[in-house]
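# Residue-level structure breakdown
Spelled out, the chains give:
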Amino acid sequence: MEPSNEDTRWKQRFLNFQRAFSLLREVIENNEDICTLEAIVKEGIIQRFEYTFELAWKTLKDKMIEDGLQIEKIAPKYVFKEAFQSKYIDDIDTWVEMTNDRNLMSHTYDFSKFDAVLNKLQKRYYPCLDTLYTYFLEEFNKP
């Protein structure tokens, strides 16, 4: 029996990333400036960012392992550095900054930083997530 697209770990994780990214895309693309939204909505956007980010780096890790790369440390910054060196991503600085901001939002929940992170999410992080999503989608659909 021929394995289906969903039979590999990275592809299974990609399907979850795809759902999360779609929810993030919806709010980013339907709002010119997400910093002007109500506080409760901003909190929801930060939540969407956090779980989309988590699925992004874990899908990337799984894809790299599937491709035969040895990942010695399982942590976002390390995975992004390996991905940059192996040409999976082309903007290491933004991914490291995104990791720092995700940690800031997840671990300290610093409301005073919300607008700054939301602004970076809309202008810098979302395009990187979109590029990674497009790459995964193309890889997922290869015969």
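Structure report, in brief.

### Topic: the overall build of the chain
A tally of regular secondary structure across the chain gives five helices and zero strands. Going residue by residue from the N terminus, the α and β elements of the chain occur as α-α-α-α-α. For 143 residues, the compact-globule formula gives about 15 Å, and the C-alpha radius of gyration of the chain, at 15 Å, lands near that figure. Over its C-alpha atoms, taken along the principal directions, the chain stretches across nearly 50 × 30 × 25 Å. Burial status across the chain gives 41% buried among its 143 residues. Long-range pairs, those at least 24 residues apart, make up 66% of the contacts in the chain between residues at least 6 apart in sequence. Within the structure as shown, the chain displays about 7,900 Å² of accessible surface, and the carbon and sulfur contribution to it stands at 49%. Both charge centroids of the chain, one from 20 positive and one from 26 negative side chains, sit 4 Å from each other.

### Quick notes on the packing of helix α4 (residues 92–108) against helix α5 (residues 114–140)
For any two helices packed against each other, the geometry is given by the interaxial angle and the distance between the axes. Packing of α4 against α5 brings their axes to within 10 Å, and their N-to-C directions diverge by 135 degrees. It follows that α4 is oblique to α5 by the angle criterion. As for how α4 packs across α5, the hand of that crossing is left-handed. Residues Thr94, Trp95, Glu97, Met98, Asp101 and Met105 of α4 pack against Phe114, Val117, Lys120, Arg124, Tyr125, Cys128, Leu129 and Leu132 of α5. Its residues assigned to classes, the contact of α4 with α5 shows nine nonpolar, one polar and four charged.

### What about the pattern of salt bridges?
According to the stated counting rule, one finds 14 salt bridges in the structure shown. Its salt-bridge partner being lysine 42, residue aspartate 115 comes within 2.7 Å of it at the nearest N-O pair. Remark: lysine 42 occurs in helix α2 (residues 39–66) and aspartate 115 occurs in helix α5; sequence separation between them is 73 residues. Take lysine 42: its relative accessible area is 12%, and that puts it in the buried class.

### Examining α2
An ideal rise of 1.5 Å per residue puts 40 Å on 28 residues; α2 measures up with 40 Å between its terminal C-alpha atoms. At the exit of α2 stands glycine 68, carrying a positive phi of roughly 100 degrees.

### Re the packing of helix α1 (residues 9–29) against α2
Direction vectors running N to C along α1 and α2 enclose 155 degrees, while the axes themselves pass 8 Å from each other. It follows that α1 is roughly antiparallel to α2 by the angle criterion. The way α1 lies across α2 gives a crossing that is left-handed. A per-class count over the contact of α1 with α2 returns 13 nonpolar, three polar and eight charged.

About the thresholds
Residues numbered from 1 in each chain as written. Predicted model: local features only at pLDDT ≥ 70, side-chain atom pairs only at ≥ 80, totals over all residues. Heavy atoms only, no water. Helix = DSSP H or I, 4+ residues; strand = E, 2+ residues; numbered from the N terminus. Rg over C-alpha atoms; globule rule 2.2 N^0.38 Å. Buried < 20%, exposed > 50% of the residue type's maximum accessible area, 1.4 Å probe, protein only. Contact = heavy atoms within 4.5 Å. Areas by Shrake-Rupley, 256 points an atom, 1.4 Å probe, with all protein chains shown as cover. Lys, Arg positive; Asp, Glu negative; His and termini not counted. Charge placed at Lys NZ, Arg CZ, Asp CG, Glu CD. Axes fitted to C-alpha atoms, helices over the stretch in contact; angles between N-to-C directions. Parallel < 35°, antiparallel > 145°, perpendicular 65-115°, else oblique. Left-handed = near helix turned anticlockwise from the far one by under 90°. Nonpolar A, V, L, I, M, F, W, Y, C, P; charged D, E, K, R; others polar. Salt bridge = Lys/Arg side-chain N within 4 Å of Asp/Glu carboxyl O. Expected span 1.5 Å × (residues − 1).

Nothing here speaks to function; it is geometry throughout.
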